[in-house]
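The chain contents come next:
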Amino acid sequence: MSEPLPAAFEGDTLVAAKGLGVRGDGRWLVHDIDLDVRRGEIVTVIGPNGGGKTTLARALLGLVPAAAGRIERAAGLRIGYVPQRLQIDRTLPLSVGRLMTATHRASADEVTAALAETGVAALCDRPVQALSGGEFQRVMLARALLRRPDLLVLDEPVQGVDFGGEAMLYQLIADLRDRRHLGILMVSHDLHVVMAATDRVICLNAHVCCTGAPQAVTRDPEYLKLFGPHAHIHGHADADDVGDVDVDANVLGEAPAYALYAHHHDHHHEVDGSVIHDDPEQAAREDGHNAG
Amino acid sequence: MGTMLDDFFVRAVLAGIGVAAVAGPLGCFIVWRRMAYFGDTISHSALLGVACGLVMGVDLGWGVVAVTLAVALLLLGLQHSRRLATDTLLGILSHAALSLGLVVISLLAGVQFDLMGYLFGDVLAVSVGDLGWIYGGGAVVLGLLAWIWRDLLALTIDEELAEAEGVPVMRTRLAFMLLIALVIALAMKIVGILLITSLLIIPAAAARRLARTPEQMALAAAAAGVLAAILGLAGSMQFDTPAGPSVVIAAAGLFAVSMLPKPRYGGR
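Residues numbered from 1 in each chain as written. Chains lettered and ligands numbered in written order. Predicted model: local features only at pLDDT ≥ 70, side-chain atom pairs only at ≥ 80, totals over all residues. Heavy atoms only, no water.

What about the overall build of chain A?
- Counting its regular elements, chain A contains nine helices and twelve strands.
- Looking at chain A as a whole, 52% of its 292 residues qualify as buried.
- Taking contacts inside chain A between residues at least 6 apart in sequence as the whole, the part at least 24 apart equals 66%.
- Carbon together with sulfur atoms contributes 51% to the accessible area of chain A, which is approximately 13,200 Å² in total. (Helix = DSSP H or I, 4+ residues; strand = E, 2+ residues; numbered from the N terminus. Buried < 20%, exposed > 50% of the residue type's maximum accessible area, 1.4 Å probe, protein only. Contact = heavy atoms within 4.5 Å. Areas by Shrake-Rupley, 256 points an atom, 1.4 Å probe, with all protein chains shown as cover.)

What follows is the structure, encoded as structure tokens:
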């Protein structure tokens, strides 16, 4: 179902789905998907669990056949894939370095360089079972880079990563895009943090509910129906970043410059469970209340 | 033939060493892939293979390979349809195949048949011909395993990732099934079909803490299996205990020793 893109046409598109549909368990897991990822762009697929996000990623990778439509890949496209957390049995003695070269042969120098690029060069000899969630995701990113990809497909890249690590990981992903001029397709059910580092959001619930720049999508009625009226985020107030949007993008208003943690709750939790308000005014009111 | 091979005990030890050396590395994959119950199910179907071999008048070893492979493929197919949880499926197939084998054999009136020997092994009755089977077949299994090692390890880490990165997943999985079927046919004579899985997984489990790489663990598992075979058979001679179960107990003993606190290797 995959055919090379004509080189002259849509110059820097890496992968494109046209009317893509995938069936499973006797139903359409996703249908009528139009999507493309271009070089240098981060596209994030969000949506409820069971909405077909992973199915879409697997179809783009060629792991499940398209039952309708087609997938076009740029000629010679190399894809680096980071699946959701692997289930490596504890009895398998596997070091990070060995995991890096499990399917792709590379010299020790190349392995070290790739690990250094994601900030985990010191972990090369560590057993993979001893890594934290964030370390593991960085190792998997380095592993994907080792294949010198044009396109990275990341399925829930911050899964199992603690709250502070999330933002750093997204920053790393954005840096990799800039440095290596990659196209990145990210799958996430995480609404808040992910949007800030994304050029284009695709909101998926079996079909594409809405698509566009993050700040536009969050005002889309389809998005609000899916995630509720409080699920809006603040984007950068920079009109150049809005790009092509098929919904009304004329609402950038009150947002601060780069509110990474904007969030439909008004608080988050410290590791010990104590409540921290994101809204400084409310925090101040509470402080005042406590003091008085 | 040398006089050494005239001694039934020497033949038994050589057979045990040959089988254990092959079962250890393959057993590592069974442990890593959490397929212990799968291995049990496949080996239980070996009795049906013996019965089919008797009915059709072909070599019993090939009967076992054919039937165990067929059951393994059936299992893969049923797993793929996902109607039942895998452990339920394994439980059904495991006991249905064993019972079917017992029933078919009971219907073969007039055939002289040492059922206990097939269930629990009859290593002291190993012939020089059997030894040829074990060492020839064992060399084939180890060669095939070395051939698919890298791909099989990639599958063991994550099948979907391996597939996305161009590893021939289906072909590798089928080759692995074939290896399991071959090892079951080889090991049947030593420990019997009810205890074969133990020869696959116990040495591998015992080797875990000695190893830092998959290859080290495979070698250590082979060594542990060989040691268990020697210790078990010697014990069985000494105390006049059944040979197959004695080998399994020796392996379990080695596993217990490997679990003792070990400050020198303990750090991670």
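That was the structure; now back to the text.
Remarks on the overall build of chain B
- Helix and strand content of chain B: twelve helices and zero strands.
- Ordered by position in the sequence, the α and β elements of chain B form the string α-α-α-α-α-α-α-α-α-α-α-α.
- What you see for chain B is a C-alpha radius of gyration of 18 Å, in line with the 18 Å of a compact globule of 268 residues.
- Structurally, chain B occupies a C-alpha span of about 55 × 45 × 35 Å along its principal axes.
- Of the contacts made within chain B by residues no fewer than 6 positions apart, 77% connect residues no fewer than 24 positions apart.
- With an accessible surface of roughly 12,200 Å², chain B has 68% of that area assigned to carbon and sulfur atoms.
- Side-chain charges of chain B comprise 15 positive and 16 negative groups, with the mean position of each set lying 11 Å from the other. (Rg over C-alpha atoms; globule rule 2.2 N^0.38 Å. Lys, Arg positive; Asp, Glu negative; His and termini not counted. Charge placed at Lys NZ, Arg CZ, Asp CG, Glu CD.)

Looking at the packing of aromatic side chains
- Scanning all chains against the criterion turns up five aromatic pairs over all chains.
- Aromatic side chains Phe29(B) and Phe176(B) sit 6.1 Å apart centroid to centroid with 65 degrees between the ring planes, which places their arrangement in the edge-to-face category. Pair noted here: Phe29(B) is in helix H1 (residues 8-32) and Phe176(B) is in helix H9 (residues 169-191), with a separation of 147 residues, a long-range link. Assigned by exposure class, Phe29(B) and Phe176(B) land together as buried.
- One Lys or Arg, Arg23(A), reaches over the ring of Trp28(A) and ends 5.0 Å from the middle of that ring. (Phe/Tyr/Trp six-rings, centres within 6.5 Å; stacked < 30°, edge-to-face > 60°. Lys NZ or Arg CZ within 6 Å of the ring centre and 35° of its normal.)

Considerations on the interface of chain A and chain B
- At the interface, 24 residues of chain A touch 24 residues of chain B.
- Surface buried jointly by chain A and chain B totals about 2,400 Å² across both partners, of which 54% is contributed by carbon and sulfur atoms.
- Joining chain A to chain B, the criterion identifies five salt bridges.
- Among the ionic pairs, Glu215(B) bridges to Arg98(A), the shortest N-O distance being 2.7 Å.
- Counting every contact that joins chain A to chain B gives ten residue pairs in polar contact (both at pLDDT 80 or more).
- When contributions to the side of chain A that touches chain B are tallied by element, the ones reaching two or more residues are helix H2 (96-100) and helix H4 (133-145) of chain A.
- Of the residues assigned to the side of chain A that touches chain B, the class counts are twelve nonpolar, five polar and seven charged. (Buried area = accessible area lost by both parts, 1.4 Å probe. Salt bridge = Lys/Arg side-chain N within 4 Å of Asp/Glu carboxyl O. Polar contact = N/O pair within 3.5 Å; in protein donor to acceptor, adjacent residues only side chain to side chain. Nonpolar A, V, L, I, M, F, W, Y, C, P; charged D, E, K, R; others polar.)

Details of the sheet that holds strand E9 (residues 200-205) of chain A
All names here are of chain A.
- Taking strand neighbours across the sheet as the criterion, the six strands line up as E6-E7-E8-E4-E9-E10 in an open arrangement whose pairing is mixed. Unpaired on one side and paired on the other, strand E6 (79-82) and strand E10 (207-212) mark the two borders of the sheet. Across the sheet, the mean angle separating the axes of adjacent strands is 15 degrees when strand polarity is ignored.
- Seen against the sheet, helix H1 (residues 53-61) touches strand E4 (42-46), E6, strand E7 (151-155), strand E8 (183-188) and E9 and runs at an angle of roughly 150 degrees to E8.
- Across the sheet, H4 lies against E6 and E7, angled at about 165 degrees from E6, the strand it touches most. (Pairing = 2+ DSSP bridges. Axes fitted to C-alpha atoms, helices over the stretch in contact; angles between N-to-C directions.)

Regarding the pairing of E6(A)
Residue and element names in this part refer to chain A.
- Of the two faces of E6, the one carrying Ile-79 and Tyr-81 and the one carrying Gly-80 and Val-82 are both buried.
- Two elements, E6 and E7, share four bridges in a ladder whose sense is parallel. Counted as the bridge partner of Ile-79 is Leu-151 from E7.

Digging into the environment of Arg39(A)
Residues and elements named next belong to chain A.
- Relative to the helices and strands, Arg-39 resides in the loop between strand E3 (27-38) and E4.
- C-alpha of Arg-39 to C-alpha of Leu-14: the two residues are 25 residues apart in sequence and 6.3 Å apart in space.
- Setting aside chain neighbours within four positions, we find Arg-39 in contact with Asp-12, Leu-14, Asp-150, His-181, Leu-182 and Gly-183.
- Looking at Arg-39, its side chain comes within polar contact range of the main-chain oxygen of His-181, at 3.2 Å.

Structural notes on H1(B)
Residue and element names in this part refer to chain B.
- Between its first and last C-alpha, H1 extends 36 Å over 25 residues, near the 36 Å set by a 1.5 Å rise per residue.
- Remark: the principal bend of H1, roughly 30 degrees, maps to Gly-24, with a proline, Pro-25, within the next four residues.
- Residue Asp-7 occupies the N-cap position of H1, its side-chain oxygen lying 2.8 Å from the main-chain nitrogen of Phe-9.
- Directly beyond the C-terminal end of H1, a positive phi value near 55 degrees is found at Arg-34. (Expected span 1.5 Å × (residues − 1). Bend = angle between axes of the 7 residues up to and from the residue.)

Re the nonpolar core
- Within the largest apolar cluster, 149 residues are counted, with the highest numbers of intra-cluster contacts made by Leu20(A), Leu35(A), Met100(A), Val139(A), Leu141(A), Phe38(B) and Ile180(B).
- Top contributing element to this core by residue count: H9(B), with 13 residues.
- If near-sequence neighbours (up to four positions away) are discounted, Met100(A) is found in contact with Val111(A), Ala114(A), Leu115(A), Val139(A), Ala142(A), Arg143(A) and Leu146(A).
- Formed by seven residues, the second largest nonpolar core is a distinct cluster that contains Val201(A), Cys203(A), Cys209(A) and Cys210(A). (Core = buried A, V, L, I, M, F, W, Y, C linked by side-chain atoms within 4.5 Å.)

What to know about unusual backbone geometry
- Backbone geometry at Asp25(A) places phi at a positive 50 degrees, although glycine is not the residue there.
- Its place among the elements puts Asp25(A) in the loop between strand E2 (13-24) and E3.
- Asp25(A) gets classed as exposed once you look at its relative accessible area, which sits at 71%.
- For Asp240(B), which is not a glycine, the phi torsion comes out positive at approximately 55 degrees.
- Counting through the fold element by element, Asp240(B) comes out in the loop between helix H11 (214-239) and helix H12 (243-258).
- By relative accessible area, which is 71% here, Asp240(B) ends up exposed.

Geometric descriptors of this kind do not, in isolation, establish any biological role.
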